[in-house]
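Chains, contacts and geometry: an overview
Below, each chain spelled out in residue letters.
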Amino acid sequence: MRGMSLLVKNALLVTMDASRRVFRGDLLAEGEKILRVGVIAGRDMVGLSKLSVLDGTGLWCLPGLVQTHVHLCQTLFRNQAEELPLLDWLQQRIWPLEAALDEDALDASARLGIAELFASGTTCILDMGTVRHTDVLFEAAKQTGLRFIGGKAMMDDPASFPALRELSDDSLAESDRLASRWDGKENGRLRYAYAPRFALSCSDRLLRAVGERVAGGGRLHTHASESAAECEIVRTSRGMSNIRYLERTGLCGARSVLAHCVHPAEGELGLLAETDTAVAHCPSSNLKLGSGIAPVPDMIARGIRVGLGADGAPCNNWLDAFTEMRLAALLPKPRSGPAALPAAKIVEMATIGGAAALGLEHETGSLEVGKQADLVLVDPRGLHATPGGDDIYTTVVHALRASDVRATVAAGTLVYRDGELKTMNADAVRRRAEEQWGKVRKRAGL
Ligand SMILES: [Zn+2]
């Protein structure tokens, strides 16, 4: 059976394929997949039903942007947790607020986040949920069309925040249930990743049990070495440096993504490279919480897969990949010179490189026949981007903004076009977010 088909006509295709081809042409998708890239004639469309056409004249078509570290559960907390360092930010604001989320509030938070992601060109994320109600996040991703790897946050350490703390066996059982319910669903658009929150919120036993699941083929998503204070507490309480400890408990490997890694200890970058562990670089969040600047050029030089992530709305406060691209490009330059992390590398991190960090490079991250039709159309003709330069990647990273996104397509479905969300109602999302935030704030007593 042939499903919906979509034709992007006459756009500049920034393919991000292996030879990084950039050319003016068309792209045809049938159902979820890219059927043809190049010049598409009438005969190529014979037999295709329900064809919708996106006129790409004057626009650039890029792969849908990939973010490797997001918390949709925190979108409701935007503008509510300011000017605090990581551990205080968590203790005083984020954990009390997460503990006050019920299913309705979590759903409102997820949809607000997804709406913003689509409007700014992101089609795929790795998400960390909160401790409870994780099915709600998968349902929201399923219904709206987002490519989503998610997992419930695991927090069983006796010193964890009491209102979120869970029993180790319950945490594992609920994670296993979610994995079997959601992993691979919607033709692989939804995936599960085990998500111990960070070393400090988890018992050694829990981490080792998750490590066994990772050894058995499971995905892993956690925070690591985000702040110096966190690293110091891990060293004192666990007797070794943070990333080494995660490796000893079985959490490093080709299916693992560690968010931040701002403060790797001696030898830990080598450990990440040896174990083929990926890193999610979150420049806005690292700056806003005062955490520091991750040594990304060193990571890249060692062959570590590095993706970008906005992290959560309360530590950014946007979920916009364009901002992360620009900051990721700027941050290393004072130390390593203006040529450090060139724009082409940054665009790679936000597309095919981000997909590779998630192990999804054969499905998304580039415009190639047979891959998922995840793409974004951007308009390079804004006053702030004029006159256009010769280097497409430099323009994307340093001159374009989220507001230059004209259309977003995820798995062949048009989810955003010219200011309008297609799989959700923006007014309803905004109203519900305000209403649910009011309830959460009251329940949290903040
Ligand atoms: Zn995070």
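Report follows, based on the coordinates. A quick note: this is a predicted structure, and the numbers were derived from the prediction, not measured. (Residues numbered from 1 in each chain as written. Predicted model: local features only at pLDDT ≥ 70, side-chain atom pairs only at ≥ 80, totals over all residues.)

1. Some remarks on the environment of alanine 99
Checked against the element boundaries, alanine 99 lands in helix 1 (residues 86-99). Owing to 18 C-beta atoms within 10 Å, alanine 99 belongs among the partly exposed residues under this scheme. Distance from alanine 99 to glycine 419, taken between C-alpha atoms, is 34 Å for residues 320 residues apart in sequence. Residues contacting alanine 99, with those up to four places away along its chain left out, are Ala163 and Leu164. (Helix = DSSP H or I, 4+ residues; strand = E, 2+ residues; numbered from the N terminus. Buried ≥ 20, exposed ≤ 12 C-beta atoms within 10 Å, placed from the backbone. Contact = placed C-beta atoms within 7 Å.)

2. So, the pairing of strand 7 (residues 122-127)
Counting buried positions along strand 7 gives 6 out of 6 residues, so the element sits mostly inside the fold. Here 4 bridges tie strand 6 (residues 65-70) to strand 7, and the two strands are oriented parallel to one another. Considered in strand 7, the bridge of glutamine 67 is made with isoleucine 125. Looking at chain direction, strand 7 and strand 8 (residues 147-150) are connected through 3 bridges and run parallel. Bridging across to strand 8, leucine 126 finds its partner in isoleucine 149. (Pairing = 2+ DSSP bridges.)

3. Things to note about the sheet that holds strand 12 (residues 220-224)
Strand order across the open sheet formed by 4 strands is 12-13-14-15, with parallel pairing between neighbours. Edge positions in the sheet fall to strand 12 and strand 15 (306-308), since each of these pairs with one other strand and no more. Averaged over all neighbouring strand pairs, the angle between strand axes comes to 30°, with direction disregarded. One ladder, built from 3 bridges, connects strand 14 (residues 278-281) with strand 15; its direction is parallel. Looking across to strand 15, one finds that valine 279 is bridged to valine 306. (Axes fitted to C-alpha atoms, helices over the stretch in contact; angles between N-to-C directions.)

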